Amino acid sequence: MMTTRACLTAHLLTYANENLLRFARKDSKFAYEGRPVGSGLLGFWACRPQPRWSCDHKITSASGSKQIRSPPRIGGRHSPSVGTTSICVDLGAFPNYGSGGGVRGGLEAPQGPPPLSWVCYCKCYTFSVFLRPAISFPIRHQSHAQSHLKQILGEELNSIQAAGTWKNERIITSMQGVTITAEGSQGELLNFCANNYLGLSSHPEIIEASQKALKEFGAGLSSVRFICGTQSLHKELESMVAQFHGRSDAILYPSCFDANAGLFEALVTPDDAIISDELNHASIIDGIRLCKGKKLRYKHRDMVDLDLKLQEVKDARLKFIVTDGVFSMDGNVAPLPDICKLAEKYEALTIVDEAHATGFFGRTGRGTEEFFNMLGKVDIINSTLGKALGGASGGYTTGPSEVVQLLRQRGRPYLFSNALPPPVVAAGIKALDILMSSSKLLEAVMANTRQFRDGMSKAGFTIGGENHPICPVMLGDAKLANTFTDKMLKKGIYVIGFSYPVVPKGKARIRVQLSAAHSPKDIDKAITAFVDIGKQLSVI
Ligand code: PLP
């Protein structure tokens, strides 16, 4: 199949030049110097061995209006052109050839070695044309070192594929929301796999606030925060975050990954110790790797083991316990009351990552602390703006002002990475505004969670975790999870299966995530699909 692909690629690339013909969805627009230079319908017929193709639409190029060919359907070896410039077919647009998938159905070629003739089809897809200045790269000499690298990486990539853990991106062609459109799928899909807990990712008020900030404060800062990258907006959001969590101060980062990457290195010295739940998020694991303190891991949510580990480091100058508030693969919650008791016993400090709790977990969305009715107990909170709070991006640390001040001096992702762009900051401010002024969304996501968990449990499914919008539908077998998700997709329900090594062997599952924006009807539809397929596959 690879040779087949490469061969077709070569044929298509003979048309490469400075014009790019790109297949796209009807509503897509491509612009060059601020304006689209063409769009319309394209028919693709046989490629034998070069693609013959035709077009029934005028392409407007920078130099005027040109017609490719009309009526559609031409034979022979046709070299499509716009005026004197030829056209490059963007292979990324073909699902079967190249990296992406812009054309549903796409080109089809037989398996096996390259045939002498191609029979390809692809009817009437919308396209846009835009001009790009061409840069021709000299043919690069491939060094021995690079060949060696490619060989090593090739083997590694093959082993990922062989292990069945290769990750593909599904290309969404709409805004993020509970209904989306995606390349390779017919019509709208009901989306149950975003961290869009409050449904704010494309909320009109968030979009409006972002647009306003874009106009008023620009696209970005071209600077890190402490040089010339701090605007009044950043200070406003930092103070809102601190207020929301009831802490003295807060510091923003480009992401929560960065908040975790920056915290431990700045805070934990060789005289100190850090003890981490073994299933903490990758960014906590990486952040801890960067610090010079003594590092220990305790068994997942195991308080006996945590006690033992605390005894081991009882003489350390400072002791930190770090945990996810909610664990994203299982939707289960850290035993915070017990952790805080042990922290008191050993005079340790607590750090909680609230990425899957902030904004929607606990009575007013204050997270795990609030869920356990112990607001203000945790010493330091890290969280994200990239999930419930608008879904754009950004992360933060909030806690005692001395911690935040130190992070402004020593937090490397803060000191050495660009400031958050104003539209993103404004989205965060608006999300907190919405959240702090009404509990409507929060109540909706929790009601939806109950509806889904109750309906699925009644139908005979095992749903992992606690009363959290992350609802893992436990299936056990990895292949079964994949077959199940494929069948769900065919019914218009977009869910994702997780298997080893992301979750333990034999614990494959479909992770369903509820949003405030789902309607009861959406949830019923998902449950019905689960039940149908579950019966088909003898899961229930
Ligand atoms: N912490 C946890 C527990 C997460 O689940 C994630 C994201 O998946 C992060 C941190 C990273 O958040 P961000 O996307 O803001 O970097």
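Bear in mind the structure is a predicted one, so any value in this text is a computation, not a measurement. (Residues numbered from 1 in each chain as written. Predicted model: local features only at pLDDT ≥ 70, side-chain atom pairs only at ≥ 80, totals over all residues. Heavy atoms only, no water.)

**Q** Break down the pairing of strand β19 (residues 395–399) for me, with residues and values.
**A** Across the 5 residues that make up β19, a large majority, 5, are buried. Covered by surrounding structure in β19 are G395, T397 and G399 together with Y396 and T398, the residues of both alternating faces. Across 5 bridges, strand β11 (residues 249–253) lies against β19 in antiparallel orientation. Along β19, the bridge assignment pairs D249 with G399. Here strand β18 (residues 380–384) runs beside β19; their pairing, made up of 4 bridges, is antiparallel. (Buried < 20%, exposed > 50% of the residue type's maximum accessible area, 1.4 Å probe, protein only. Helix = DSSP H or I, 4+ residues; strand = E, 2+ residues; numbered from the N terminus. Pairing = 2+ DSSP bridges.)

**Q** Can you lay out unusual backbone geometry for me, pointing to particular residues and giving the numbers?
**A** The step from Y500 to P501 runs through a cis peptide bond, and the omega angle for that step is 10°. Take P501: it is sitting in the loop between β22 (496–498) and β23 (508–513). Positive phi is not limited to glycine here, since S222 has a value of about 50°. As for its placement among the helices and strands, S222 is situated in the loop between α3 (204–217) and α4 (225–228). When its relative accessible area of 72% is taken as the criterion, S222 is described as exposed.

**Q** Kindly report on the pattern of salt bridges, identifying the contributing residues and their values.
**A** Under the criterion given, the structure shown has 13 salt bridges. E369 serves as the salt-bridge partner of R247, at 2.6 Å between the closest nitrogen and oxygen. Pair noted here: R247 is in the loop between α5 (232–245) and β11 and E369 is in helix α10 (residues 368–371), with a separation of 122 residues, a long-range link. For the pair R247 and E369, a shared accessibility class is recorded, and that class is buried. For K345, the salt bridge identified is with D307, shortest N-O distance 3.1 Å. (Salt bridge = Lys/Arg side-chain N within 4 Å of Asp/Glu carboxyl O.)

**Q** Summarise the sheet that holds β11; cite the residues concerned and give the values.
**A** In spatial order, the strands read β11-β19-β18-β17-β14-β12-β13; together these 7 strands make up an open sheet with mixed pairing. Where the open sheet ends on each side, the last strands, each with one partner, are β11 and β13 (294–298). In this sheet, neighbouring strand axes are inclined to one another by 20° on average, regardless of whether the strands run parallel or antiparallel. Where helix α6 (residues 256–267) meets the sheet, its contacts fall on β11, β12 (273–277), β14 (319–324), β17 (349–353), β18 and β19, and the angle it forms with β18 comes to roughly 155°. Against the sheet, helix α8 (residues 303–312) contacts β12, β13 and β14, and its axis sits at roughly 160° relative to β13. (Axes fitted to C-alpha atoms, helices over the stretch in contact; angles between N-to-C directions. Contact = heavy atoms within 4.5 Å.)

**Q** Outline the environment of C193, supporting the account with residue identities and numerical values.
**A** Tracing the chain through its elements places C193 in the loop between β10 (188–191) and α3. When its relative accessible area of 19% is taken as the criterion, C193 is described as buried. For the pair formed by C193 and V178, sequence separation is 15 residues and the distance between their alpha carbons is 9.1 Å. In this structure C193 touches Y494, V495, I496 and Q513, once residues within four positions along its chain are discounted.

Read these as layout, nothing more, since geometry by itself doesn't imply function.
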